[in-house]
Amino acid sequence: MRLLILCPDLIGPLMAAPGVRYHELARVLSGHADVTLASPWPNQLELPGVRRALLTPETAGQLVAEADVVLVQGHLMARFPALARVRVPLIVDLYDPMILEGLHLFADRSLARRQYAHERLLALTLQQLHLGDYFLVANRAQHDFYLGMLAAVNRVGPAWAAHGQRARRLLGLVPCGIPAEPPHVTVPVLKGVKPGIPAGASVILWGGGLWDW
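Notes on the structure follow. Being a predicted model, the structure only gives us computed values, none of them experimental. (Residues numbered from 1 in each chain as written. Predicted model: local features only at pLDDT ≥ 70, side-chain atom pairs only at ≥ 80, totals over all residues. Heavy atoms only, no water.)

1. A word on the nonpolar core
Counting residues in each nonpolar core, the largest one holds 35 residues, and the members touching the most others are Leu6 and Leu83. Ranked by residue count, the leading element in this core is helix H5 (residues 111–131), at four residues. Apart from the residues lying within four places of it in its own chain, the contact partners of Leu83 are Leu6, Val64, Val72, Leu76, Met77 and Leu90. (Core = buried A, V, L, I, M, F, W, Y, C linked by side-chain atoms within 4.5 Å. Buried < 20%, exposed > 50% of the residue type's maximum accessible area, 1.4 Å probe, protein only. Helix = DSSP H or I, 4+ residues; strand = E, 2+ residues; numbered from the N terminus. Contact = heavy atoms within 4.5 Å.)

Below you can see the structure in the form of structure tokens.
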């Protein structure tokens, strides 16, 4: 099976949560499929058994045409309208609740601008809920939130229930994405090295972002 994973962010030594998530998804799924990992930016990290590709308006059609399954996250469907016409199974990753994020992300703008941004994010979310064949979320709260939204757009109905009513037939829980292997010490970089951090200190490393919402 040829799986095309479309990452909405940079994949490299210093990457944000989307890059980490899709890099790890590609690494794990490469043991089960022929994986191509594509992004609008050049991929700076190699993964054994994973093909790297650049996602552009010129390459998007060919990448999709070569795939048996496509996995995509929200904003890319707005940037690349051709993804809405995918003719193979489409997996939509809903791990970023855009319509809730936007309520805080644009809080300093005028009400008219906030409403405009909200309606665009809502329209994009609804488009994904209609077009996706299967959906991914990152935690149980998202699972319940999006299951309700899927019911509201009639994706949870008699035709779906006729084949079984387990939610996992439509919605899968995939945590944010870190290596399964625990980290191991190589050389000291903080404790006993950085001023103010003694060798016996306890250090908590937070690899994500800090957001108001």
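2. Re the pairing of strand E1 (residues 2–6)
Taking burial as the measure, the five residues of E1 include four buried ones, the bulk of the element. The pairing of E1 with strand E2 (residues 34–39) spans five bridges and is classified as parallel. Counted as the bridge partner of Leu6 is Ala38 from E2. Note: E1 against strand E4 (residues 69–73), three bridges, orientation parallel. (Pairing = 2+ DSSP bridges.)

3. Side note on unusual backbone geometry
At Asn154, a residue that is not glycine, the phi angle is positive and equals roughly 70 degrees. Mapped onto the elements of the fold, Asn154 is located in the loop between helix H6 (140–152) and helix H7 (158–161). Judged by its relative accessible area of 58%, Asn154 is exposed.

4. Things to note about the packing of H5 against H6
Angle between the axes and distance between the axes: these two values describe a pair of packed helices. Between H5 and H6, whose axes approach to 10 Å, the crossing angle comes to 75 degrees. Taken together, H5 and H6 sit at an angle that is classed as roughly perpendicular. Two secondary-structure elements touch here, H5 through Thr125, Leu126 and Leu129 and H6 through Tyr146, Met149 and Leu150. Looking at the contact of H5 with H6, its residues break down into five nonpolar, one polar and no charged. (Axes fitted to C-alpha atoms, helices over the stretch in contact; angles between N-to-C directions. Parallel < 35°, antiparallel > 145°, perpendicular 65-115°, else oblique. Nonpolar A, V, L, I, M, F, W, Y, C, P; charged D, E, K, R; others polar.)

5. Thoughts on the environment of Pro195
Among the secondary structure elements, Pro195 is positioned in the segment after strand E7 (171–173). Each C-alpha atom of the pair Pro195 and His143 lies 44 Å from the other, and the pair is 52 residues apart in sequence.

6. A few points about the pattern of salt bridges
This model, assessed by the stated rule, comprises five salt bridges. Here Arg2 makes a salt bridge to Asp68, at a shortest N to O gap of 3.0 Å. Of the two residues, Arg2 is situated in strand E1 and Asp68 in the loop between helix H2 (60–65) and E4; the sequence distance between them amounts to 66 residues. Classification of Arg2 by relative accessible area gives partly exposed; the value is 39%. Between Glu46 and Arg52 there is a salt bridge, and its shortest N-O distance comes to 3.6 Å. Its relative accessible area of 67% is what places Glu46 among the exposed residues. Under the relative-accessibility criterion, Arg52 is labelled partly exposed at 37%. (Salt bridge = Lys/Arg side-chain N within 4 Å of Asp/Glu carboxyl O.)

7. With respect to the side chain of Gln142
Tracing the chain through its elements places Gln142 in helix H6. Once residues within four sequence positions are removed from consideration, Gln142 is found in contact with Leu94, Tyr95, Pro97 and Val137.

8. A closer look at the sheet that holds strand E3 (residues 50–54)
An order of E3-E2-E1-E4-E5-E6-E7 is seen for the seven strands of this open sheet, with the pairing classed as parallel. One side of each edge strand has no neighbouring strand; the edge strands of this open sheet are E3 and E7. Adjacent strand axes in the sheet meet at a mean angle of 20 degrees when their direction is disregarded. Sheet topology places strand E5 (residues 90–93) next to strand E6 (residues 134–137); three bridges connect them, and they run parallel. Within E6, the position partnered with Ile91 by the bridge is Tyr134. Relative to E5, H5 is tilted by about 145 degrees, and along the sheet it contacts E4, E5 and E6.

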